[in-house]
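What the coordinates show
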Amino acid sequence: MSSKNIFSRSLSTPKRLLMMSVLLGLLCALIIGGSTSFWLHHKRQEAYSVLVNDIRDYMSTFFDDLAITAQTIQPLTTQKCSEVSAQLTYNAAFNVNVRAFLLVRDGVAYCSSATGEMRKSVKDMVPSLKTNKLIDLALISGTPMLPTKPAIAVWYRHPQIKDTGVFATLNISLTPYLLYTARQRDITGTALVVGDKALTTFFPRVTPVTELQFNPVRKTLLRGYPMAVWLFGDDWPHEDIVLAALAGLGSGLLFAFACGSFLFLRQRTGKEILTGISRGQFYPVYQPIIKASNLKTAGVEVLMRWQHPTAGMIPPDAFIAFAEAQNLIVPLTRHLFTLITADASTLSALLPKGSRLSVNLAPGHLHAPEFKDDVLNFSASLPEDHFQVVFEITERDMLKAEEAPALFDWLHQHGFEIAVDDFGTGHSALIYLERFKLDYLKIDRGFVNTIGQDTVTAPVLDAVLTLAERLNMTTVAEGVETQEQAKWLIDRGVNYLQGYWFSRPLMLEQLKSRDPLRE
Ligand code: C2E
Ligand code: CA
Ligand code: CA
């Protein structure tokens, strides 16, 4: 018997259970916390990308609009300032973000939309601006009119003429984005970066990039312009970490509690069955089965009892189902087999040769890999050729089994008989009964109960008996409690009777001293 590992299951202490629950809770906390933080992080990353692209698009549109204006101004660079300054001023006035347009010829600004005629080298004004390029940008700390207000200097070169073109100074307002980002607590600021200088939401002046203390979470370049947009923020904001930790902690605790309760309950009751087995709290009782034709005992049905030290007598309806749920039905049935074997010689002295020894089987055992070995061992341990072993299987359990026909054939080949237990309570179709070639139909005591009563189920018993007759099956009526019921059943041709009217299930000692007059 491989009960060693089964018994070792019962050795798990509450401490081990607690540890297991804590570990499972921890695992759950890690998974939930981890995935929450991953999800929050992912959401935030998405929001950052959207934001930085919005700012880039805003800037791109801005420069594209400006390029169109610059294109219309470009032809003026070949003319005198006095002739074109009015148009230049007009263009600047209608472009809200432009402080001034300057016309440049040979690297020298000679005409301003703000101050008219002038003469100043672009190199002197903005040393970093490259007038040989078609487009260039620079950040400047101020303009002659607004010396303390940073601006962007933009250069649009004349497509054909070297060092000649339109120079514009712009007010760049990050206000809309400042407002936008201010609402997102995780964004700390934005920056427009040109070369090694930056205009940021942190300072009201142009700042060397090296002075920016933190690394941006996002960087993106403007298409066609040497400018980048940087976004500063928190990759793992405090609130995300707290939220993920709370989610992890909450679910971990819940899960640990659920696991703990489940494992504890499972272990406790499962353990009790195993303890019951090892301490001999289970014992069999035998209920005589009476042959209708001569009212003699034709055999017994073995029924299990559990005398629990504190809970008292536990009915089999309760513990059999539980043992099944706990995967303990195999050890429990094996134990019953052992107990029957121990009683077998006494039984064989009380019951004549050929008596039926009926044992209930649970589906969990029927489909267990050890089943065949178990029943062969059981029958081998009984006195040779004395008992006809009958296995009782409920109608419900038969229908579940796809492999049932093969298994039933095997049982028949090895000399066992099969009874359909609780017949009439399941949903058997005739076809199953015909196909399975079963030996006995045990009519459920619910039907027997209706004999002599004017209930709606009474006609069902008639139908069940007609069916049994047609199938040519041997019938056993369960739960016969009165003489009237016994007579009625015998008159209807039922083959065997079982019930309190004849005998209650008896312990071996009681069976020995049974009043034979009852038969
Ligand atoms: P079952 O197989 O239908 O067993 C017959 C049940 O009817 C038994 O209840 C028996 O004590 C009861 N009984 C017998 N005659 C009368 C009667 O005249 N009137 C009334 N009211 N009841 C009567 P028990 O022993 O409580 O068993 C209940 C069920 O538990 C059994 O129903 C069977 O399904 C299951 N069971 C019992 N022992 C075992 C076992 O060793 N293995 C398995 N798998 N199941 C078992
Ligand atoms: Ca039974
Ligand atoms: Ca039954």
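Before reading further, recall that the structure is shown in the block above.
Criteria and cut-off values
- Residues numbered from 1 in each chain as written.
- Chains lettered and ligands numbered in written order.
- Predicted model: local features only at pLDDT ≥ 70, side-chain atom pairs only at ≥ 80, totals over all residues.
- Heavy atoms only, no water.
- Donors = N, O, S within 2.8 Å, 3.2 Å for Na, K, Ca; no water.
- Salt bridge = Lys/Arg side-chain N within 4 Å of Asp/Glu carboxyl O.
- Helix = DSSP H or I, 4+ residues; strand = E, 2+ residues; numbered from the N terminus.
- 1 Å grid on protein atoms, 1.4 Å probe; cavity = no way out; pocket = protein on both sides within 12 Å on 5 of 7 lines; lining within 4 Å.
- Points joined across faces, edges and corners; volume = space filled by probe spheres on them.
- Nonpolar A, V, L, I, M, F, W, Y, C, P; charged D, E, K, R; others polar.
- Disulfide = S-S within 2.5 Å.
- Buried < 20%, exposed > 50% of the residue type's maximum accessible area, 1.4 Å probe, protein only.
- Phe/Tyr/Trp six-rings, centres within 6.5 Å; stacked < 30°, edge-to-face > 60°.
- Lys NZ or Arg CZ within 6 Å of the ring centre and 35° of its normal.
- Axes fitted to C-alpha atoms, helices over the stretch in contact; angles between N-to-C directions.
- Parallel < 35°, antiparallel > 145°, perpendicular 65-115°, else oblique.
- Contact = heavy atoms within 4.5 Å.
- Near = heavy atom within 4 Å.
- Polar contact = N/O pair within 3.5 Å; in protein donor to acceptor, adjacent residues only side chain to side chain.
- Areas by Shrake-Rupley, 256 points an atom, 1.4 Å probe, with all protein chains shown as cover.
- Sits in = over half its atoms within 2 Å of the grid points.

Around the calcium ion (ligand 3), the protein supplies Asp421 (OD), Asp422 (OD), Glu478 (OE) and Glu478 (OE) as donor atoms, at distances of 2.1 to 2.6 Å. Positions of the donor residues of the calcium ion (ligand 3) along the chain correspond to the pattern D-D-x55-E. A separation of 4.0 Å is found between the calcium ion (ligand 3) and the calcium ion (ligand 2), both of which receive a donor from Asp421.

Right, let's get into the pattern of salt bridges. When charged atoms on two side chains of opposite charge get close, those side chains can pair. Enumeration according to the criterion identifies 10 salt bridges in this entry. The salt bridge involving Lys442 is made with Glu392; its shortest N-O contact spans 2.6 Å. A residue pair is termed long-range when its members are at least 10 positions apart, and Lys442 in strand E18 (residues 440-443) and Glu392 in strand E16 (residues 388-394) qualify at 50 residues. Within this structure, Glu301, Glu392 and Lys442 form a network of salt bridges that share partners.

In this structure, the largest pocket encloses a volume near 1100 Å³. Taken together, 37 residues form the lining of the largest pocket, with Leu303, Pro316, Asp317, Asn360 and Asp421 sitting closest to its centre. Counting only elements with at least two residues in the lining of the largest pocket, the list comes to strand E13 (297-308), helix H7 (316-325), helix H8 (329-350), strand E15 (356-360), E16, helix H11 (395-400) and strand E17 (417-423). Lining the second largest pocket are 18 residues, and of these Leu102, Met125, Thr143, Pro144 and Thr169 sit closest to its centre. Looking at the lining of the second largest pocket, the elements that each hand over two or more residues are strand E1 (98-105), strand E3 (116-121), helix H4 (122-125) and strand E6 (165-170). Class assignment of the residues belonging to the lining of the second largest pocket gives a composition of 10 nonpolar, 5 polar and 3 charged.

What follows deals with the state of the cysteines. Evaluation of the coordinates by the stated rule reveals 1 disulfide. For Cys81, the disulfide goes to Cys111, at an S-S distance of 2.0 Å. Linking Cys81 and Cys111, the disulfide has an S-S dihedral of approximately 65° and is accordingly described as right-handed. Placement of Cys81 in helix H3 (residues 81-93) and of Cys111 in strand E2 (residues 108-112) is noted, with a sequence separation of 30 residues between them. With respect to class, Cys81 is no different from Cys111; both count as buried. Counting only cysteine sulfurs, Cys259 is the nearest neighbor of Cys28, a cysteine outside any disulfide, at a range of 7.9 Å. Cys259 gets classed as buried once you look at its relative accessible area, which sits at 12%.

Attention shifts here to the packing of aromatic side chains. By the definition in use, this model includes 13 aromatic pairs. Grouping aromatic residues by their ring pairs yields a cluster made of Phe202, Phe203, Trp230 and Phe232. In this structure, Arg205 is placed above the aromatic ring of Phe203, and the distance from its NZ or CZ to the ring centre is 4.9 Å.

The next thing to look at is the packing of H8 against helix H10 (residues 371-380). In the contact formed by H8 and H10, the axes pass within 10 Å of each other and the chain directions differ by 10°. Judged by the angle between their axes, H8 and H10 are roughly parallel. Contact residues: H8 offers Val330, Arg334, Phe337, Ile340 and Thr341, while H10 offers Asp374, Val375 and Phe378. Residue classes in the contact of H8 with H10 are distributed as 5 nonpolar, 1 polar and 2 charged.

The next thing to look at is the site of ligand 1. Around ligand 1 there are 22 residues in total, and Gln287, Arg305, Arg445, Glu481 and Tyr500 lie nearest to it. One of the side-chain nitrogen or oxygen atoms of Glu301 is found 3.2 Å away from an oxygen atom of ligand 1. Within the side chain of Arg305, an N or O atom sits 2.9 Å from an oxygen atom of ligand 1. When ligand 1 is considered free in solution it has 790 Å² of accessible area, and contact with the protein chains removes 87% of it. Among the cavities detected, the one that contains ligand 1 is the largest pocket. Elements that contribute at least two residues to the shell around ligand 1 include exactly E13, H7 and E17. If you tally residues by element for the shell around ligand 1, the top one is E13, at 4 residues.

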